[in-house]
Amino acid sequence: MNTSAKKTKVAPSESSTDGRRKRSERSRYAIIKASRALIEGGVLVPTAQQISERAGVGIRSFFRHFTDMESLFEAVDAQGREHVKALFIGGDREGSLAERVLHAVERRAAGYEDQKNIIMTTAAQSWRYEMLRKRYAHYQRSLRKDLQDWLPELKSLGVADREAVDAVASAEMWLRLRNQQGLSKKQSIEVVVSMLTRLMPQ
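Not measured: the values here are computed from a predicted model. (Residues numbered from 1 in each chain as written. Predicted model: local features only at pLDDT ≥ 70, side-chain atom pairs only at ≥ 80, totals over all residues. Heavy atoms only, no water.)

Draft legend 1. Structural context of helix 7 (residues 159–168). Listed as buried for helix 7 are Arg162, Val165, Asp166 and Val168. One side of helix 7 carries all its buried residues, which in axial view fall inside an arc of 165 degrees. Of the exposed residues in helix 7, those oriented more than 90 degrees away from the buried face are Val159 and Ala160. Those residues of helix 7 that are buried are in contact with helix 6 (130–150), helix 8 (171–180) and helix 9 (185–199). (Buried < 20%, exposed > 50% of the residue type's maximum accessible area, 1.4 Å probe, protein only. Helix = DSSP H or I, 4+ residues; strand = E, 2+ residues; numbered from the N terminus. Arc of directions from axis to C-beta. Contact = heavy atoms within 4.5 Å.)

Draft legend 2. Region of the structure containing the environment of Gly111. One can find Gly111 in helix 5 (residues 97–125). Take Gly111: its relative accessible area is 0%, and that puts it in the buried class. In contact with Gly111, other than residues within four places in its own chain, are Leu87 and Phe88.

Draft legend 3. Just the pattern of salt bridges, in detail. Enumeration over the complete set of coordinates arrives at 12 salt bridges. For the salt bridge of Glu130 with Lys134, the shortest nitrogen-to-oxygen distance reads 3.3 Å. With Glu130 and Lys134 both in helix 6 and four residues apart, the pair spans about one turn of that helix. The class for Lys134 is exposed, based on a relative accessible area of 53%. A salt bridge links Lys186 to Glu190; the shortest N-O distance between them is 2.7 Å. On the criterion of helical spacing, the pair formed by Lys186 and Glu190 is a turn pair, its members being four residues apart in helix 9. We classify Glu190 as partly exposed; its relative accessible area is 43%. Via salt bridges that share partners, Arg144, Arg162, Glu163 and Asp166 belong to a single interconnected network. (Salt bridge = Lys/Arg side-chain N within 4 Å of Asp/Glu carboxyl O.)

The structure is reproduced here in structure tokens:
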């Protein structure tokens, strides 16, 4: 009897391959979700170790999915993009100038409140990651265009006043009023509305 016959190598079944792929996808999603949860919880500069622990995966698994923190932030941004868009786009854009200014500020206030820690994380780490700088610049251009949709009257402003409008309506102004000056959401809305109204053409 020939006992030296070669053993037949059994290929992994399609189901086992599919199972590994699904586990990998779950791990990747858990890492993205954990990153956002940490940031929203106040950890503005989370480390790979903190994220891995929160996601329930090993640090090696983290770096199998994301080569560095910048690639992770890109994935977090991509996953949340539609949510962010929905926060700022829309709303009742009819009515008098005063009504539209108020509604535009209220819409932005809700968006800034929802995204405040994400915004602060971006500010804290944009010096390090080009992707964050580019995405933030993209969002600023989109918000500028959106505000002009709310308020077509902005087209008649001079350059200085138009730039002042964007500064007043910015996330940086909102966070200053809320965090540094300690104003309530209602008070902050009143301040921004008052400043915008003074800048608008009469």
